[in-house]
Amino acid sequence: MPNTMKGVVLPGQRRVEFKEYPVPEPGHGQVLIRMKASSICGSDIRAIYREHLGHGPEAYQNVIAGHEPCGQIVKLGPGCVRFAEGDRVIVYHISGCGVCHDCRQGYMISCTSPQRAAYGWQRDGGHADYMLAEENTCVALPEPLSYVDGALIACGYGTVYEALRRVKVSGGDRVLVTGVGPVGMAAGLVAKGLGATQVIGVDIAQPRLDFAMQVGALDHALPFDGALDEIKALTGGEGCEVSIDCSGAPPARLLALQGTRRWGRCAMVGEGSTVDFDVSQTIIHNQITVYGSWVTSLGHMEDLVEKLIEWKLRPERIVSDRFTLDQAPEAYRIADKGQSGKVVIVMDEE
Ligand SMILES: [Zn+2]
Ligand SMILES: [Zn+2]
């Protein structure tokens, strides 16, 4: 094993820098992972790459970036109890205190302890040759899932699975997805896995709609203009039983609410910005339940891995662009344009 490694930091203003680091030594309860794949998330673009926007759990501390890591364990620290060298793992991307109420339910994402640190935000993440992780944040990645599949589960697929479980998507539901970037595409695919009979996607970017149709994430792809009438036309005038906003854009959030059938459920997962709507007309008189959902739990991420294998759904089908670690600046440039599918940095496929 080498003594030093390369890592990517994001200083802001759309810059990508490489730095040399010593290869870390796993401490108690930690594992050293040889990185295999580390994908780029919309949050990396929005809150780190363009400018450092975040506060609290989204404050970027100039660490190695990348919060969707997947790789192979190459060294165990003392006190590890489950994993072994050679194991393939997804890293659930937040390390919580482990003993608060939310951590005990597996929701390290909503841990409020000062000990909480997210990989790629407050502690070193996956855009490097190696990464140090707490063993309790590792989720086993079985065959036939690939390392790229695992990276996509670490954040995006985990997030949509959680939200769609929370709104209880089943075979009785048609699903409206607003914003069909990588998270919206994952939402369409997972909704179908859970039984949704029809998935309608809306976006402002035609290349994204085309790509989403091509990978089978949607049954109907609608441009934003005139979408509400089209949604009604496709659903017998009713709207969809379930909607999920994956855009974070105010007009798309409103469309998700308006495109939801009376008594339906709407999940919000797209981050940032605001929304302004007539509460009586939009949700009260239509008896709509709105859910906020942030990432997922460790247990649900394990459940998702199992379900994806059962459904024969390989997350990586939504990947449009693959780059090496050395090509990270180009990877970020493409992801920033917001016209593609998922962008992944792949260190090693095997
Ligand atoms: Zn993310
Ligand atoms: Zn905690």
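Residues numbered from 1 in each chain as written. Chains lettered and ligands numbered in written order. Predicted model: local features only at pLDDT ≥ 70, side-chain atom pairs only at ≥ 80, totals over all residues. Heavy atoms only, no water.

Some points on the overall build of the chain
For the chain, the helix and strand inventory stands at 10 helices and 17 strands. Over its C-alpha atoms the chain spans a radius of gyration of 20 Å, differing by no more than 12% from the 20 Å that the globule rule assigns to 350 residues. In terms of its C-alpha atoms, the chain occupies a principal-axis envelope of roughly 65 × 40 × 35 Å. Residue burial in the chain is summarised as follows: out of 350 residues, 56% are buried. Within the chain, contacts between residues separated by at least 24 positions form 68% of all contacts whose residues are at least 6 apart in sequence. As displayed, the chain offers around 14200 Å² of accessible surface, 49% of which is attributable to carbon and sulfur atoms. Between the mean site of the 33 positive side-chain charges and the mean site of the 42 negative ones, the chain shows a separation of 2 Å. (Helix = DSSP H or I, 4+ residues; strand = E, 2+ residues; numbered from the N terminus. Rg over C-alpha atoms; globule rule 2.2 N^0.38 Å. Buried < 20%, exposed > 50% of the residue type's maximum accessible area, 1.4 Å probe, protein only. Contact = heavy atoms within 4.5 Å. Areas by Shrake-Rupley, 256 points an atom, 1.4 Å probe, with all protein chains shown as cover. Lys, Arg positive; Asp, Glu negative; His and termini not counted. Charge placed at Lys NZ, Arg CZ, Asp CG, Glu CD.)

What to know about the sheet that holds strand 14 (residues 260–268)
What the 6 strands build is an open sheet, ordered 12-11-10-13-14-15; its pairing is parallel. With one partner strand each, in any of the chains shown, strand 12 (220–223) and strand 15 (289–292) form the two edges of the open sheet. On average, each strand axis in the sheet is inclined to that of its neighbour by 20°, with strand direction left out of account. Where strand 10 (residues 174–178) lies against strand 13 (residues 240–245), 4 bridges are found, and the strand directions are parallel. By the bridge assignment for strand 13, V177 is matched with I244. In the packing of helix 6 (residues 227–234) onto the sheet, contacts are made with strand 10, strand 11 (198–203), strand 12 and strand 13, and the angle to strand 12 comes to roughly 155°. (Pairing = 2+ DSSP bridges. Axes fitted to C-alpha atoms, helices over the stretch in contact; angles between N-to-C directions.)

Notes on the environment of G226
One can find G226 in the loop between strand 12 and helix 6. Sequence spacing of G226 and G86 is 140 residues, and the spatial spacing of their C-alpha atoms is 52 Å.

With respect to the packing of helix 3 (residues 147–166) against helix 9 (residues 298–311)
Closest axis-to-axis distance for the helix 3/helix 9 pair is 10 Å, and the angle between their directions is 90°. By the angle class used here, helix 3 and helix 9 are roughly perpendicular. Between helix 3, through I153, A154, Y157, G158, Y161, E162 and R165, and helix 9, the contact on the second element is made entirely by H300, M301, D303, L304, V305, K307, L308 and W311. Tallied by class, residues from the contact of helix 3 with helix 9 come to 9 nonpolar, 2 polar and 4 charged. (Parallel < 35°, antiparallel > 145°, perpendicular 65-115°, else oblique. Nonpolar A, V, L, I, M, F, W, Y, C, P; charged D, E, K, R; others polar.)

Quick notes on the coordination of the zinc ion (ligand 1)
Coordination sphere of the zinc ion (ligand 1), protein contribution only: C41 (SG), H67 (NE2) and C155 (SG), at 2.0 to 2.3 Å. Positions of the donor residues of the zinc ion (ligand 1), expressed as sequence spacing, correspond to C-x25-H-x87-C. Of this pair, C41 sits in the loop between strand 3 (30–39) and helix 1 (42–49) while H67 is found in the loop between helix 1 and strand 4 (69–76), placing the two residues 26 residues apart along the sequence. Of the two residues, C41 and H67, both sit in the buried class. (Donors = N, O, S within 2.8 Å, 3.2 Å for Na, K, Ca; no water.)

Considerations on helix 5 (residues 206–214)
Side chains that are three or four residues apart share a direction in an α-helix, a result of its 3.6 residues per turn. Restricting attention to buried positions, one finds in helix 5 the residues R208, L209, F211 and A212. In an axial view of helix 5, the angular spread of the buried residues amounts to 165°, which keeps them on one side of the axis. Summarising the contacts, the buried residues of helix 5 are in contact with helix 4 (182–193), strand 11, strand 12 and strand 16 (319–323). Looking one or two places after helix 5, you find G216, whose phi comes out positive at around 80°. (Arc of directions from axis to C-beta.)

Description of helix 1
For helix 1, the buried fraction is high: 6 of the 8 residues fall into the buried class. Within the sequence span of helix 1, burial applies to S43, D44, I45, A47, I48 and Y49. Tucked inside the fold, the buried residues of helix 1 contact strand 1 (4–12), strand 2 (15–22), strand 3 and helix 10 (328–337).

Some details on the coordination of the zinc ion (ligand 2)
Here the zinc ion (ligand 2) is held by C97 (SG), C100 (SG), C103 (SG) and C111 (SG), and the distances to it run 2.3 to 2.4 Å. Here the donor residues of the zinc ion (ligand 2) share one chain and are spaced in sequence as C-x2-C-x2-C-x7-C. Of this pair, C97 sits in the loop between strand 6 (94–95) and helix 2 (101–104) while C111 is found in the loop between helix 2 and strand 7 (117–118), placing the two residues 14 residues apart along the sequence. Residue C97 is classed as partly exposed on the basis of its relative accessible area, which comes to 24%. For C111, a relative accessible area of 5% puts it in the buried group.

Brief notes about the packing of aromatic side chains
On inspection of all chains with the given rule, the structure shows 1 aromatic pair. Both rings, one in Y49 and one in Y332, keep their centres 5.2 Å apart while their planes meet at 35°; by these two values the pair is tilted. With Y49 in helix 1 and Y332 in helix 10, this pair connects stretches of sequence that are 283 residues apart. According to the relative accessible area criterion, Y49 is buried, its value standing at 4%. Taking NZ or CZ as reference, R88 lies 4.6 Å from the ring centre of Y147, over its face. (Phe/Tyr/Trp six-rings, centres within 6.5 Å; stacked < 30°, edge-to-face > 60°. Lys NZ or Arg CZ within 6 Å of the ring centre and 35° of its normal.)

So, the nonpolar core
If you look at the biggest cluster of nonpolar residues, it comprises 90 residues, and the most contacted ones within it are L10, I90, Y157, V175 and I244. Examining the composition of this core, we find that 11 residues originate from one element, helix 3, more than from any other. Setting aside chain neighbours within four positions, we find I244 in contact with A163, L164, V175, L176, V177, T178, A187, A267 and V269. If you look at the next biggest cluster of nonpolar residues, it comprises 11 residues, including V31, F83, A133 and C138. (Core = buried A, V, L, I, M, F, W, Y, C linked by side-chain atoms within 4.5 Å.)

Re the pairing of strand 12
Relative to strand 12, strand 11 runs parallel, the two being bridged by 4 bridges. For D203, the partnering residue across the bridge sits in strand 12 and is P223. Taken together, strand 11, helix 5 and strand 12 form a β-α-β motif whose crossover is right-handed. (Right-handed = clockwise from strand over helix to strand, strands pointing away.)

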